[in-house]
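Overview (structure and organization)
Listed here are the chains, written in short residue letters.
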Amino acid sequence: MRKIPIKLLKQGMKLYHPIYNDNGKILLHSGVSLTECYIKRLKLKDVPFVYIEDNIAPDLKIKDIINDETRKKAVDTARNTILEVSQGNVPVSRIYALKHELNNVVEDIIKELIDNPNLILNLADIRTADGYTFSHSVNVAVLSLMTGLSLGLPRHELQNLGLGAFLHDIGKTRIPIDILNKKGTLSEAEFKEIEKHPYHGYNIVSSQHCFPIVSTLVIKQHHERANGKGYPGKLKGEEIHPHARIVAVADVFDALISDRPYRKGFLPHQALQIVESSSEGFDLNTLQCFYKHVAAYPAGTLVGLSNGYIGIVINNNEGAPYHPAVKILCTKTFEYAIPYEIDLTYALHVVIDEVYEKDNIYPKIEELFTVHDKERELLMEL
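The numbers attached to residues start from 1 for each chain and follow its sequence in the written order. Local features in a predicted model are, by the rule used here, given only for residues with pLDDT of at least 70; side-chain atom pairs are given and counted only at 80 or more, and totals for whole chains, interfaces and linings are based on all residues. Side-chain metrics in this entry use all non-hydrogen atoms of the structure; hydrogen atoms and water are not considered.

**Comments concerning the overall build of the chain**
Note the cut-off: The helix and strand labels rest on DSSP assignments: H or I over at least four residues marks a helix, E over at least two residues marks a strand, and numbering proceeds from the N terminus. The reference for a compact globule is 2.2 Å times residues^0.38; the radius of gyration itself is calculated from the C-alpha atoms. Exposure categories follow from relative accessible area, calculated using a 1.4 Å probe and restricted to protein chains: below 20% of the type maximum is buried, above 50% is exposed, and the middle band is partly exposed. In this description, contact between two residues means that some pair of their heavy atoms is separated by no more than 4.5 Å. Accessible surface area values rest on a Shrake-Rupley calculation with a 1.4 Å probe, where residue burial reflects the displayed protein chains alone. The charge count treats Lys and Arg as positive and Asp and Glu as negative. His and the chain ends do not count. Charge positions come from single atoms, namely NZ of Lys, CZ of Arg, CG of Asp or CD of Glu.
The helix and strand inventory of the chain stands at 13 helices and ten strands. Taking 2.2 N^0.38 as the reference for a compact globule, 382 residues should give roughly 21 Å; the C-alpha atoms of the chain span a radius of gyration of 22 Å, in line with that estimate. The principal-axis extents of the C-alpha atoms in the chain amount to approximately 80 × 45 × 45 Å. By the burial criterion, 54% of the 382 residues in the chain qualify as buried. Sequence separation of 24 or more characterises 67% of the internal contacts of the chain that already satisfy a separation of 6 or more. Element-wise, carbon and sulfur atoms account for 53% of the exposed surface of the chain, whose accessible area totals about 17300 Å². Positive and negative charge centroids in the chain, built from 43 and 48 side chains respectively, lie 5 Å apart.

Structure below.
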């Protein structure tokens, strides 16, 4: 299995991981052989990458941090809750039903995270451009709960954190769509409109009188920063609720790795570096717990090493986001190398100095492995 940019897809490649549309429905199932029609459809949907099965790392099997059914249910519930609660004229009985459904989803996610022995975000979420809003809500909730568990939050606090994380951007339903989807730089007036969404969200949710106060504070404060340079209240340090500090980190990281109308998403290691460069705006303890469970180089990423080899990331180590285990494939001059594994948490003299996520080296490596496999078959016949 490996991750591959959409522009390098070829007819006949097999999907390793399913692809969902903005409604949480499966566009293409895992195991499907890609046709020209499928590839064209994925490009039209602005899907940035997919995971495929191949002969470079056939034994690499990575699961999402939550299962597909839970993710689909989470996206559906997030959509229904955000759209209906934001209307403002929904019957009280329906609001309570939506809250109950969202509570159940949060509980499902918490259970799966607790049962996951290797709690590291390894598999990137494949989403269409149209599906950003609700997928982002789910991702922020998962990242926040993962961090909350690492911080040792009790179950009821995790529940409050999850609700706030799911609804953190509900206030954007009050922001004009042309501002949200603007491709150019926002004007000062447009940015002031954007800055209102935490207040809008807080007013929308708190007016329902059924969501925990803590969750509404998360919505109101998720753009506040420890150094006082956030919005809307310019709060500092301890003035910001601990749960809002968690969601702040998760929100920024997922936004950075996502394609937006005004820019392409950053690679995970780039996003982590950007977060680190802004660390004075985030709570240090929260950041440390967040880093423990996020992979800078997710499994399936092709990387260049300082020892002159190219490899594929096969595993990530908790607490060491920049030091994964890598399977060596070939040299940087594309000479075949007998595959072996190197764990960069122990081989500290070797570092990742290149990521080939967007470079057209996949065909060269595939050709190298194809030629080697044929040569090996001929030798076996002799």
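**Here's the deal with the sheet that holds strand β2 (residues 14–15)**
Filter applied, for reference: Two strands form a pair only when DSSP identifies at least two bridges running between them.
Strands sit in the order β1-β5-β2 across an open sheet of three strands; the sheet is antiparallel. The open sheet has two free edges, formed respectively by β1 (2–5) and β2, since each of these has just one partner strand. Taken together, the two bridges between β2 and strand β5 (residues 49–53) define a ladder with antiparallel strand orientation. Paired with Lys 14 across the two strands is Glu 53, which belongs to β5.

**Comments concerning the environment of Leu 153**
Tracing the backbone through its elements, the reader meets Leu 153 in the loop between α4 (132–150) and α5 (155–166). When the C-alpha atoms of Leu 153 and Glu 69 are compared, they prove to be 26 Å apart, with 84 residues separating the residues in sequence.

**Notes on unusual backbone geometry**
Of note, the amide linkage connecting Tyr 231 to Pro 232 takes the cis form, showing an omega dihedral of 10 degrees. Note on placement: Pro 232 falls in the loop between α9 (213–221) and α10 (242–256). Here the phi dihedral of His 209 falls at roughly 60 degrees; this positive angle occurs in a residue that is not glycine. Along the chain, the position of His 209 falls in the loop between α8 (197–206) and α9. A relative accessible area of 69% places His 209 in the exposed class. Located in the positive-phi region is Phe 334, a residue other than glycine, with phi close to 65 degrees.

**Examining the packing of aromatic side chains**
Selection criterion: Only centres within 6.5 Å qualify two rings of Phe, Tyr or Trp (six-membered ring in Trp) as a pair; their planes then separate them into stacked at under 30 degrees, edge-to-face at over 60, and tilted for everything else.
One pass over the structure, following the stated rule, counts six aromatic pairs. Relative to Tyr 231, the ring of Phe 191 lies with its centre 6.0 Å away and its plane at 80 degrees, an arrangement referred to as edge-to-face. Separated by 40 residues along the polypeptide, Phe 191 in helix α7 (residues 188–194) and Tyr 231 in the loop between α9 and α10 bring together distant segments of the chain. For Phe 191, a relative accessible area of 37% translates into the label partly exposed. Judged by relative accessible area, which is 11%, Tyr 231 ranks as buried. Ring centres of Tyr 309 and Tyr 340 lie 6.3 Å apart, and the angle between their planes is 80 degrees; on these two criteria the pair is classed as edge-to-face. Pair noted here: Tyr 309 is in strand β7 (residues 309–317) and Tyr 340 is in the loop between β8 (320–331) and β9 (341–343), with a separation of 31 residues, a long-range link.

**Structural notes on the confidence of the model for the chain**
Our working definition: pLDDT: the predictor's confidence for each residue, scored from 0 to 100.
Mean pLDDT over the chain stands at 88; residues scoring 70 or higher make up 92%. The weakest mean pLDDT in the chain belongs to helix α13 (residues 362–381) at 65; the strongest belongs to α9 at 98. Confidence drops under pLDDT 50 across residues 378–382; counting only partners more than four residues distant or on other chains, this segment forms zero contacts.

**Brief notes about the packing of helix α11 (residues 268–277) against helix α12 (residues 284–292)**
Defined as follows: Angles here are taken between N-to-C directions and fall from 0 to 180 degrees, while the axes themselves are lines fitted to C-alpha atoms, restricted in helices to the stretch in contact. Each angle is binned into one of four classes, with values under 35 degrees roughly parallel, values over 145 roughly antiparallel, values of 65 to 115 roughly perpendicular, and all other values oblique. Only Asp, Glu, Lys and Arg are considered charged in this grouping, and only Ala, Val, Leu, Ile, Met, Phe, Trp, Tyr, Cys and Pro are considered nonpolar; every other residue, Gly among them, is considered polar.
Running from N to C, α11 and α12 point in directions that differ by 170 degrees, and their axes come no closer than 12 Å. Taken together, the axes of α11 and α12 are roughly antiparallel relative to one another. Contact residues: α11 offers Leu 272, Val 275 and Glu 276, while α12 offers Leu 287, Phe 290 and Tyr 291. Tallied by class, the residues present in the contact of α11 with α12 amount to five nonpolar, no polar and one charged.

**A few points about the pattern of salt bridges**
Threshold: Salt bridge, as used here: a side-chain nitrogen of Lys or Arg that lies within 4 Å of a carboxyl oxygen of Asp or Glu.
This model, assessed by the stated rule, comprises twelve salt bridges. Through salt bridges that share partners, Lys 72, Asp 76 and Arg 79 make up one connected network.

**Some details on α9**
Here α9 has its buried residues at Val 214, Ser 215, Thr 216, Val 218, Ile 219 and Gln 221. On its buried side, α9 packs onto α5, α8 and α10.

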